[in-house]
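# Overview (structure and organization)
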Amino acid sequence: MNKTTPATVPAAPAPLKRAPSRPEPRPERSTGSRIGELVQRQGVLAVLLTVILIASFVYPTFASLDNARGVTVQASFLAIVALGMTLVIITGGIDLSVGSVFALGGVLAAWASQWGFLAALLVPLMVCGAIGLVNGLLIARANMAPFIVTLASLLAARGMLLAFTDEGATTYLVPKDSAFAELGQGSVWGFGYPILIALALFGAGGLLLQRTSFGQTLFAVGGSSDAATLMGLPVARTKILVYTLSGLLAGLAGALNAARLSSGVTIVGVGMELDAISAVVIGGTLLIGGAGSISGTLWGVLLLAVIQNLINQIGSLNSSYQSVVSGGFLIVVVVAQRYLARSRRTT
């Protein structure tokens, strides 16, 4: 019998190695989109420098060193309040209570200054921070509207202030030559301590916003709270922290103002929340949240302070014109933000 040899099965070809896939190049942003982003972030700085340059030529006293010191010292208190407002607005919220909290912090600091430097700082920080904490808890945990919650806190803080001062009849004074008074009136190389404190806080705020995960969480929460929740980000905790920080900073600014004035003035802070919001929005932070910068807020505060000082330089205009000019700037900036956002969506 003939033996049949089994047919040999050809070996399977070796699998072809796939070439490593290259990441698809990101679509380049258009020139218009880049210009729009630059204008949103640094446009206020260009306006500020232009106003300063024109005012220096028209009014020689405007460019003096003494006038610059006065402008920056007055702006430092609003700057500290606006710093906290920036963090709140980036998350898509609002804090209408900062003006009343600022005034309450000043009165508490002046009252507590009789027990020393630490008491004058800790008492307003604890009370004002607690007000911010309550705001954050009601907004983040109870899902209440920030506008309603902080409006209620505005009325509550002003009511506490009036009750504590017997309807404004009692004015607490800061002891002269005390360390707390020196905090508001002293200076280093001609720069007042409030200016240095404000700059230090803005530096820390810039690092917090741009170099930490907490800062990135703020932008994510402001962009879309639901999306941030799906990503596993601590949305509620973030909101509680920013409102607490806003209350702390408003109380600190009020304490520094009391130290500078050597008394707890009850009529300060009226409308300050609107000035803070104006400075933040003029600085390029979107009211809908999700975008903003600390440096822009600083330029916005300085622009408002320069406008106020320029009105004083004119002499024939009263301070009410500052509100007119600030309102005009605010309208222009909001319209520009909407136009830039729309143009970026279409490009």
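Keep in mind that what you see is a predicted model, and the values were worked out from it rather than measured.

## Things to note about the overall build of the protein chain
Secondary structure assignment for the protein chain yields 13 helices and 2 strands. For the protein chain, the residues scored as buried account for 43% of the 347 residues in total. In the protein chain, of all internal contacts separated by at least 6 residues, the share reaching a separation of at least 24 is 76%. Accessible area of the protein chain: about 18900 Å², with a carbon and sulfur share of 66%.

## Brief notes about helix α3 (residues 98-112)
Working note: α-helix, 3.6 residues per turn, so residues spaced by three or four point in the same direction. For α3, built from 15 residues, the straight-helix expectation of 21 Å at 1.5 Å per residue is met to within 8% by its first-to-last C-alpha distance of 20 Å. Burial of α3 is extensive: 14 of the 15 residues sit out of reach of the surface.

## Here we look at the packing of α3 against helix α5 (residues 146-164)
Relative orientation of the contacting elements α3 and α5 amounts to 30°, with a least axis distance of 8 Å. By the angle between their axes, α3 is roughly parallel relative to α5. In this structure, α3 crosses over α5, and the sense of that crossing is left-handed. Each of Gly99, Ser100, Val101, Ala103, Leu104, Val107, Leu108 and Trp111 in α3 lies in contact with α5, whose residues at this interface are Leu154, Ala157, Arg158, Met160, Leu161 and Phe164.

## A look at the environment of Met126
Within the secondary structure, Met126 is located in helix α4 (residues 117-140). C-alpha of Met126 to C-alpha of Gly105: the two residues are 21 residues apart in sequence and 9.5 Å apart in space.

## Remarks on the side chain of Ser278
Mapped onto the elements, Ser278 comes out in helix α11 (residues 272-282). The contacts of Ser278, once residues within four sequence positions are left out, are Leu304 and Leu330.

## Section: the packing of aromatic side chains
Two aromatic rings, taken as a pair, are described by how far apart their centres are and by the angle between their planes. On inspection of all chains with the given rule, the structure shows 3 aromatic pairs. Between the aromatic rings of Trp111 and Trp115, the centroid separation amounts to 5.0 Å while the plane-to-plane angle is 75°, which identifies the pairing as edge-to-face. By relative accessible area, which is 27% here, Trp111 ends up partly exposed. Summarising the aromatic geometry, the rings of Trp111 and Phe164 are spaced 5.3 Å apart at their centres and angled 90° between planes, so their arrangement reads as edge-to-face. Separated by 53 residues along the polypeptide, Trp111 in helix α3 and Phe164 in helix α5 bring together distant segments of the chain. Residue classification places Phe164 among the partly exposed positions, given a relative accessible area of 27%. By the ring-pair criterion, three or more aromatic residues cluster together here, those being Trp111, Trp115, Phe164 and Tyr172.

## Concerning a nonpolar patch on the surface
Residues Val134, Leu138, Met144, Phe147, Ile148, Leu151 and Leu155 make up a contiguous nonpolar surface patch of roughly 620 Å² in combined accessible area. For the nonpolar patch, the secondary structure elements donating two or more residues are α4 and α5. A per-element tally of the nonpolar patch places α5 first, with 4 residues. Inspection of the secondary structure puts Leu155 in helix α5.

## Observations regarding unusual backbone geometry
One non-glycine residue, Asp166, lies in the positive phi region at around 55°. Among the secondary structure elements, Asp166 is positioned in the loop between α5 and α6 (179-185). Notably, Asp177 is not glycine yet its phi reads approximately 60°, a positive angle. With respect to the helices and strands, Asp177 occurs in the loop between α5 and α6.

## Regarding the packing of helix α2 (residues 65-90) against helix α7 (residues 193-211)
The N-to-C vectors of α2 and α7 enclose an angle of 25°; their axes lie 8 Å apart at closest approach. As the angle between them shows, α2 and α7 are arranged roughly parallel. Between α2 and α7 lies a crossing of left-handed hand. Judged by residue contacts, Arg69, Thr72, Val73, Ser76, Phe77, Ala79, Ile80, Leu83, Leu87 and Ile90 of α2 engage Pro194, Ile195, Ile197, Ala198, Leu201, Phe202 and Leu209 from α7. Here the residues of the contact of α2 with α7 sort into 14 nonpolar, 2 polar and 1 charged.

## Let's talk about the side chain of Thr297
Mapped onto the elements, Thr297 comes out in helix α12 (residues 294-314). The residues contacting Thr297, other than those within four sequence positions of it, are Ala82, Thr86, Phe202, Ala279, Val280, Gly283 and Thr285.

## Here's the deal with α11
The element α11 is extensively covered by neighbouring structure, given that 9 of its 11 residues are classed as buried. One or two positions beyond α11, positive phi appears at Gly284, with a value near 105°.

## Observations concerning the confidence of the model for the protein chain
For the protein chain, the mean per-residue pLDDT works out to 83, and 81% of the residues sit at or above 70. Within the protein chain, the element-level pLDDT minimum falls on helix α13 (residues 320-346), averaging 67, and the maximum on α4, averaging 95. Within the model, pLDDT remains below 50 along residues 1-9, and this stretch shows 0 contacts once partners closer than five positions in the same chain are excluded. Under a pLDDT of 50 for its full length, residues 19-27 has, in the predicted model, 0 contacts with residues more than four places off or in other chains.

Analysis parameters
- Residues numbered from 1 in each chain as written.
- Predicted model: local features only at pLDDT ≥ 70, side-chain atom pairs only at ≥ 80, totals over all residues.
- Heavy atoms only, no water.
- Helix = DSSP H or I, 4+ residues; strand = E, 2+ residues; numbered from the N terminus.
- Buried < 20%, exposed > 50% of the residue type's maximum accessible area, 1.4 Å probe, protein only.
- Contact = heavy atoms within 4.5 Å.
- Areas by Shrake-Rupley, 256 points an atom, 1.4 Å probe, with all protein chains shown as cover.
- Expected span 1.5 Å × (residues − 1).
- Axes fitted to C-alpha atoms, helices over the stretch in contact; angles between N-to-C directions.
- Parallel < 35°, antiparallel > 145°, perpendicular 65-115°, else oblique.
- Left-handed = near helix turned anticlockwise from the far one by under 90°.
- Phe/Tyr/Trp six-rings, centres within 6.5 Å; stacked < 30°, edge-to-face > 60°.
- Patch = residues over 30% accessible without salt bridge, like charges linked within 9 Å, V, L, I, M, F, W, Y side chains within 5 Å.
- Salt bridge = Lys/Arg side-chain N within 4 Å of Asp/Glu carboxyl O.
- Nonpolar A, V, L, I, M, F, W, Y, C, P; charged D, E, K, R; others polar.
- pLDDT = per-residue confidence, 0-100.

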